[in-house]
Amino acid sequence: MGNRGSTVRALLAAALLALTAAAPTPALAPVIDAAVAKGFEGVVLAGDANSVTFERAMGFSDRSTKRPHRVSDRWPIASVTKQIVATLVMQEVDAGRLRLDETLADALPAFHGPTAAQVTLRQLLQHVSGLPDPSATAQDTDGVEAFYRAPFDPNAATSFCAAASAVPPPSKFLYNNCDFLVLGAVLERSSGQPLPRMIADRLKLPLTLPTDQLGFRTPQVGYLDATKPAPQIRLATFGASGALIGRPRDLLAFDRALLAGKLLSPGARATLWEGNPRLGYEALGQWSFRTRLAGCAMPVQLIERRGDIAGIQVRNLIAPQSGRILIVFTNRADVDFGELWQGKGLGYDLASAAFCT
């Protein structure tokens with residue numbers, strides 16, 4: 001039965017990845033054309049449960065070698081990693097091995113920080129833990145924080161992140177990569193598996209979590225503007241907070257699995273996607289809100305996760321009611337997406353074209 005079950009799971013995973021490409025939709029194409037005219041470079045992918053409705057790569061992945069972007073390229077998915085880690089946390093909650101309101105003293109006894117008996121998993125997922133912030137370490141001459149240039153420390157969750165807290169929990173919203181570095185360690189203890197193995201076994205997708213062998217290289221070269229490469233970081237140091245690498249279609253498959261109820265029970269997914277107005281509609285590891293888009297008669301419910309790392313920006317958007325998905329990667333830090341709620345800007349135009357036509 002075990003071998004048969006593995007075979008069935010493999011076939012389901014293969015079917016999930018066997019996406020059918022369609023011609024670019026009339027609505028998204030002019031939005032992308034206008035963005036390219038202003039310097040946009042990267043990959044845009046849109047789809048639903050059954051098909052890819054838009055897929056285009058444009059510009060250069062590496063200007064020094066004139067290597068063009070390709071739709072099959074692998075990218076650092078940056079803080080979209082947090083959305084995946086939050087899903088794994090909710091799987092452990094579903095299984096009864098974790099509780100959102102248990103403290104680090106119970107969930108991770110190796111964490112000896114001064115607030116271990118106060119900080120809960122929910123607070124980590126919502127960035128209100130007050131833990132130390134790697135991005136607050138001293139910057140070098142390139143403007144890169146020391147934490148992200150230091151040798152990879154596989155125990156950062158229980159060493160650096162266990163230092164004296166910035167503020168007592170529960171704090172106000174303070175975005176902080178230590179929150180998810182610690183959650184990665186919690187997951188490994190709860191599941192009994194290394195995080196990369198958890199991701200491979202449960203998601204059945206070729207998402208990789210690098211360790212120090214990558215050094216300061218990333219799959220794409222990020223740029224601050226049209227000509228200047230962004231300073232490189234040691235990608236592995238982001239760990240469970242932002243180090244995953246994958247293809248746009250890998251994210252699409254993940255989003256589809258979430259929408260289809262393949263990863264979480266309905267109750268766990270509802271908790272994952274419950275936006276808190278007091279925290280700017282932050283849910284658990286992502287944002288959940290309703291907003292008006294051009295072409296839609298009513299406000300649209302959106303699940304949004306962003307990423308930004310070494311000159312690379314990522315947008316992962318899910319519209320649960322329509323089952324549509326929009327994924328954007330660019331290696332230009334100067335691309336201004338704007339805010340969806342402002343009713344203007346590239347992000348608003350892309351979302352309107354993807355979800356309201």
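This is a predicted model, so every value here is computed, not measured.

K.L.:
Outline the environment of Leu 302, supporting the account with residue identities and numerical values.
P.N.:
Here Leu 302 is to be found in strand S9 (residues 300-309). Of the residues examined, Leu 302 reaches a relative accessible area of 0% and is grouped as buried. For the pair Leu 302 and Tyr 175, spaced 127 residues apart in sequence, the C-alpha separation works out to 21 Å. Not counting residues up to four positions away in its chain, the partners in contact with Leu 302 are Trp 287, Ser 288, Phe 289, Thr 291, Leu 293, Ile 318, Ala 319, Pro 320, Leu 340 and Phe 355.

K.L.:
Would you mind going over the state of the cysteines in detail, with residue names and values included?
P.N.:
Counted by the stated rule, this structure contains two disulfides. Disulfide pairing places Cys 296 opposite Cys 356 at an S-S distance of 1.9 Å. Across the S-S bond linking Cys 296 and Cys 356, the dihedral sits near -105°, which makes this disulfide left-handed. Placement of the pair is Cys 296 in the loop between strand S8 (287-291) and S9 and Cys 356 in the segment after helix H11 (346-355), with a sequence separation of 60 residues. Given a relative accessible area of 12%, Cys 356 falls into the buried group.

K.L.:
Tell me about the side chain of Asp 179, residues and numbers included.
P.N.:
Within the element layout of this structure, Asp 179 appears in helix H6 (residues 177-191). Put simply, Asp 179 is tucked away with no salt bridge, and the nearest opposite charge, on Lys 82, sits 8.4 Å away. Once residues within four sequence positions are removed from consideration, Asp 179 is found in contact with Leu 124, His 127, Ser 129, Leu 131 and Leu 174.

K.L.:
So what's going on with helix H2 (residues 28-37)? Which residues, and what values?
P.N.:
The α-helix advances 3.6 residues per turn, and as a result positions three or four apart in sequence lie on the same side. Among the residues of H2, Leu 28, Ala 29, Val 31, Ile 32 and Ala 35 are the ones counted as buried. Seen end-on, H2 carries its buried residues on one side only, within an arc spanning 165°. Following H2 by one or two positions, Gly 39 has its phi on the positive side, about 110°.

K.L.:
Can you break down the side chain of Thr 103 residue by residue, with the values?
P.N.:
Locating Thr 103 in the fold gives a position in the loop between helix H3 (80-94) and helix H4 (104-107). Thr 103 has contacts with Ala 116, Ala 117, Gln 118, Val 119 and Thr 120, leaving out every residue within four places of it along the chain.

K.L.:
I'd love a proper account of the packing of H2 against H11, names of residues and values included.
P.N.:
In contact at an axis separation of 9 Å, H2 and H11 are set at 160° when each is read in the N-to-C sense. Here H2 is positioned roughly antiparallel relative to H11, judged by the angle of their axes. The way H2 lies across H11 gives a crossing that is left-handed. Across the interface between the two elements, Leu 28, Val 31, Ile 32 and Ala 35 of H2 pack against Leu 346, Asp 349, Leu 350, Ala 353 and Ala 354 of H11. Along the lines of polarity and charge, the residues of the contact of H2 with H11 split into eight nonpolar, no polar and one charged.

K.L.:
I'd like a rundown of the pairing of strand S10 (residues 312-319), residues and numbers included.
P.N.:
The buried count for S10 comes to eight of eight residues, which makes it a mostly enclosed element. Two elements, S9 and S10, share seven bridges in a ladder whose sense is antiparallel. Residue pairing across strands places Asp 308 opposite Gln 313, the latter belonging to S10. Hairpin remark: S9 followed by S10, antiparallel, with two residues in the connecting loop; positive phi at Ala 310, about 50°. Sheet analysis places S10 next to strand S11 (residues 324-330), joined by seven bridges and oriented antiparallel. Within the sheet, the bridge partner assigned to Ala 319 lies in S11 and is Arg 324. The turn joining S10 and S11, which pair antiparallel and follow one another in sequence, is formed by four residues; a positive phi near 70° is taken by Gly 323.

Conventions we followed
- All residue numbers refer to position in the chain's written sequence, counted from 1.
- At least 70 in pLDDT is required for a residue's local features to be given in this predicted model, at least 80 for side-chain atom pairs to be given and counted, and no such filter applies to totals for whole chains, interfaces and linings, which use all residues.
- Water and hydrogen atoms were dropped before computing side-chain values, which therefore reflect all heavy atoms in the structure.
- Comment: elements are numbered from the N terminus, with helices defined as DSSP H or I runs of at least four residues and strands as E runs of at least two.
- Each residue gets one of three labels from its accessible area relative to the maximum for its type: buried under 20%, exposed over 50%, partly exposed in between, using a 1.4 Å probe on protein chains only.
- Note on definitions: a residue-residue contact is assigned when non-hydrogen atoms from the two residues lie within 4.5 Å.
- Throughout, disulfides are identified as pairs of cysteine sulfur atoms within 2.5 Å of each other.
- Under this rule, positive means Lys or Arg and negative means Asp or Glu; His and the chain ends count for nothing.
- Just to be clear on terms, a salt bridge is a Lys or Arg side-chain nitrogen sitting within 4 Å of an Asp or Glu carboxyl oxygen.
- Regarding the arc, it is the one traced by the directions from the helix axis to the C-beta atoms.
- Note on geometry: axes are C-alpha line fits, over the in-contact stretch for helices, and angles between N-to-C directions span 0 to 180 degrees.
- Throughout this description, any angle smaller than 35 degrees is read as roughly parallel, any larger than 145 degrees as roughly antiparallel, any in the 65 to 115 degree range as roughly perpendicular, and the remainder as oblique.
- Two helices crossing with the near one rotated counterclockwise from the far one by less than a right angle form a left-handed crossing, whereas a clockwise rotation gives a right-handed crossing.
- For this classification, Asp, Glu, Lys and Arg are treated as charged, while Ala, Val, Leu, Ile, Met, Phe, Trp, Tyr, Cys and Pro are nonpolar and the rest, including Gly, are polar.
- Pairing between two strands requires that DSSP report at least two bridges joining them.

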